[in-house]
Amino acid sequence: MSAPPLGRVASFGRRLPPNLRTVAARLPGSLAPPIEHGTPTPRVAIIGTGFGGIGMACRLRQAGIETFTIYEKADAVGGTWRDNTYPGAACDVPSHLYSLSFAPKTDWTRRFPEQAEILGYLNEVTDRFDLRPQIRFETEVSAATWDEQRAVWRIDLADGTADEAEVLVAATGQLNRPQIPDIDGLDRFEGVTFHSARWNHDHDLTGRDAAVIGIGASAIQFVPEIAQDCRKLTLFQRSSNFVAPKPDGAFSEEARERFRRHPWLQRLYRLSIWVRFDARWLLFRKDSRPARMLRKRFETELSKVVTDDVPAEALLPDYPVGCKRILISNDWYPTLFRPNVQVVTDPVDRVTPHGVVTGGVEHPVDTIIFGTGFASTGFLAPIQVTGRDGRDLHDEWRDGAEAHLGITVAGFPNLFLLYGPNTNLGHNSIVFMLERQIAYALTWIRRMVDDDAATVEVRSAAQADSNARLQRRLERTVCAASCHSWYKTATGKITNNWSGPTIAYWWQTRRPDRADFVTTRQPRRHPVHSGAAGPPE
Ligand code: NAP
């Protein structure tokens, strides 16, 4: 296999004088020149092969750090895009922005990518950077424990063995544990049930009477697909969604060829999408004028289509625009008006062996599909993470997860989180956020090498300050309005979303402030020259 390509900026950077090199290394998407061959580097254990884990490994390789291992509990890469194979699965962020800036794909077939093409892309990047030899598939991490004496993470695997590494990068995502509500009688249902993220492709829905419980971002994608096959489809919708048109379409051969021939054009196009999407942040400020105008527009358009079967409350949310994700689809509303589709807005009381009961009425069904989302606020669960002085991460987070800029946690040295607390967005690409977190972690790993540091840990005061500011800003966003959303804990603390435009996140993460961290320079007992995370010695 060919050697992984080093980033263009990296090789460009090597030709610059030192002061300009420092400036170039701070630009978004830039990378400092790679570490000299043979320099001892820490072992890095990465958990997960979604966008975060794959992106981290690519950047480590580009930085000349080969001492990494990626742990993946499944038998393939892809994270959420491997798991969510439901009909119609696609992304609502445009293709050219929903990809790694340093691993561009010029031949995206559509403006908004579908699941198979995103998964193909992640597989292609994995091969382009020759990552597979360093991925341990079907290897689930069950616990990670900080060994203070030796300044290493002990990584316990579900098969009973253990590895260790100086640095731990958790790239487990926010949406990987499907949530099925505890509904009375569900265990006695005699039909077939499954969650949207574990789609049962062996269960042919043709001619079936199916129920969908939970109508969110996933359901609005698969419902229009399965409505064509089912005999009857009953949608149990607790809250409605704002569903805007999807400006999708295929790229012509000529457009794809232009992007291939002129990479700068592709980068410019990507930048233009990012700028446009970041401007949508204005919608997410509490009581913002653009959001009020958008709501008015929804009200006007939807009032024209209300019927007895599909009343206003089934169409128009009772919460402000942006409190939950604004969805996009061109076939959602037409699907609601199909003769074989019924929308039920009464709460689900219970399930019988042959149906779903609401308000004393049984709706007979032979299949129940859950579009009820994910356990999103238990970051890193079910991995047991124990930090300095025996601190239990989940116990520290009992009142809601928090981290400094979503990346580092006081009491947990050499741990970096990707897509950690308060880094989700409603208006722009998570891949952009991941790249910022990867750059931040990489800066620290490189500093560990350059300064011969054994540990790096954020100060608790810095973490407390940044979180106090974050929560104050979040209070001024629409996320804080009264709607159910997976951005909040049961007690209402917003643990998932970032509080501003992504450019603000870029600014705050552009260079980790040394004053916010404690590093120790005890002589490393296990200098590592080659090889990745491995069993304890
Ligand atoms: P979701 O958006 O959280 O929707 C879950 C739905 O289930 C909500 O409507 C919720 O109602 C409902 N629900 C939960 N418990 C229920 C219960 N006991 N009874 C009735 N309804 C119940 O979950 P999702 O659709 O899986 O999407 C999750 C996230 O995945 C999205 O927000 C998005 O970030 C990501 N996603 C992204 C894309 C994309 O294109 N980028 C596509 C799909 C998913 P309430 O609102 O009333 O709580």
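Residues numbered from 1 in each chain as written. Predicted model: local features only at pLDDT ≥ 70, side-chain atom pairs only at ≥ 80, totals over all residues. Heavy atoms only, no water.

## Side note on the overall build of the protein chain
Point 1. Counting its regular elements, the protein chain contains 15 helices and 21 strands.
Point 2. Each principal axis of the C-alpha atoms in the protein chain carries an extent, and together these give about 75 × 50 × 45 Å.
Point 3. Counting over 537 residues, the protein chain shows a buried share of 54%.
Point 4. Restricting the contact set of the protein chain to residue pairs at least 6 apart, pairs at least 24 apart contribute 72%.
Point 5. Side-chain charges in the protein chain split into 65 positive and 63 negative, and the spacing between the mean points of these groups amounts to 9 Å. (Helix = DSSP H or I, 4+ residues; strand = E, 2+ residues; numbered from the N terminus. Buried < 20%, exposed > 50% of the residue type's maximum accessible area, 1.4 Å probe, protein only. Contact = heavy atoms within 4.5 Å. Lys, Arg positive; Asp, Glu negative; His and termini not counted. Charge placed at Lys NZ, Arg CZ, Asp CG, Glu CD.)

## So, the site of the ligand
Point 1. Close contacts around the ligand come from 23 residues, with Asp 92, Ser 218, Ser 239, Lys 324 and Trp 486 the closest.
Point 2. In this structure, Arg 238 approaches the ligand through a side-chain N or O atom, which is 2.9 Å from an oxygen atom.
Point 3. Here the residues of the shell around the ligand are counted per class, giving 10 nonpolar, nine polar and four charged. (Near = heavy atom within 4 Å. Polar contact = N/O pair within 3.5 Å; in protein donor to acceptor, adjacent residues only side chain to side chain. Nonpolar A, V, L, I, M, F, W, Y, C, P; charged D, E, K, R; others polar.)

## As for the sheet that holds strand β19 (residues 415–417)
Point 1. Spatially, the five strands line up as an open sheet ordered β3-β2-β1-β7-β19, and their pairing is parallel. Edge positions in the open sheet fall to β3 (135–136) and β19, since each of these has one partner strand only.
Point 2. Of the pairings in the sheet, the one linking strand β7 (residues 167–170) to β19 comprises three bridges and is parallel in character. Along β19, the bridge assignment pairs Val 169 with Phe 416.
Point 3. Sheet strands in contact with helix α13 (residues 430–451) are β1 (44–47), β7 and β19, and its direction is about 165° off that of β19. (Pairing = 2+ DSSP bridges. Axes fitted to C-alpha atoms, helices over the stretch in contact; angles between N-to-C directions.)

## Looking at the nonpolar core
Point 1. In this structure, Ile 46, Phe 51, Met 56, Leu 60 and Phe 416 are the most contacted members of the largest nonpolar core, which totals 73 residues.
Point 2. With 13 residues, α13 is the largest single contributor of residues to this core.
Point 3. Sequence-distant contacts of Ile 46, defined by excluding residues within four places in its chain, comprise Gly 53, Met 56, Ala 57, Leu 60, Phe 68, Thr 69, Ile 70, Tyr 71 and Val 169.
Point 4. Judged by nonpolar contacts, the second largest core, of 45 residues, contains Val 223, Trp 281, Leu 283 and Ala 481. (Core = buried A, V, L, I, M, F, W, Y, C linked by side-chain atoms within 4.5 Å.)

## Here we look at the state of the cysteines
Point 1. Going through the model one piece at a time under the given rule, you end up with one disulfide.
Point 2. For Cys 323, the disulfide goes to Cys 483, at an S-S distance of 2.0 Å. Taking the torsion about the S-S bond as the criterion, the Cys 323 to Cys 483 disulfide, at about -95°, is left-handed. With Cys 323 in the loop between α10 (312–315) and β12 (327–328) and Cys 483 in the loop between α14 (460–475) and α15 (502–509), this pair connects stretches of sequence that are 160 residues apart.
Point 3. By relative accessible area, which is 11% here, Cys 483 ends up buried.
Point 4. This cysteine, Cys 58, is not joined by any disulfide, and Cys 91 carries the nearest cysteine sulfur, 18 Å off.
Point 5. Looking at Cys 91, it has no disulfide partner, and the nearest cysteine sulfur is the one in Cys 479, 18 Å off. (Disulfide = S-S within 2.5 Å.)

## A few points about unusual backbone geometry
Point 1. With omega at 5°, the peptide bond leading from Ala 381 into Pro 382 counts as cis.
Point 2. Tracing the backbone shows Pro 382 in the loop between β17 (367–370) and β18 (384–386).
Point 3. In this structure, Leu 380 takes a positive phi of about 70° despite not being glycine.
Point 4. Tracing the sequence through the fold places Leu 380 in the loop between β17 and β18.
Point 5. The phi torsion at Asn 422 lies on the positive side, around 55°, for a residue other than glycine.

## Description of the environment of Trp 332
Point 1. When you line up the elements, Trp 332 lands in helix α11 (residues 332–336).
Point 2. Looking at Trp 332, the relative accessible area reads 3%, which means it is buried.
Point 3. Sequence separation of Trp 332 and Glu 362 is 30 residues, and the distance between their C-alpha atoms is 25 Å.
Point 4. Not counting residues within four places of it along the chain, the set of residues in contact with Trp 332 comprises Ile 215, Ala 219, Ile 220, Val 223, Pro 224, Leu 235, Gln 237 and Val 243.

## A closer look at the pairing of strand β4 (residues 141–147)
Point 1. Where β4 lies against strand β5 (residues 152–157), six bridges are found, and the strand directions are antiparallel. Looking at the pairing, Ala 144 lines up with Ile 155 of β5.
Point 2. Between β4 and β5, which pair antiparallel one after the other, the connecting turn spans four residues, and Ala 151 there sits at a positive phi close to 50°.
Point 3. Pairing analysis gives three bridges linking β4 to β18, with the strands arranged parallel. When the bridges of β18 are listed, Thr 145 appears paired with Thr 386.

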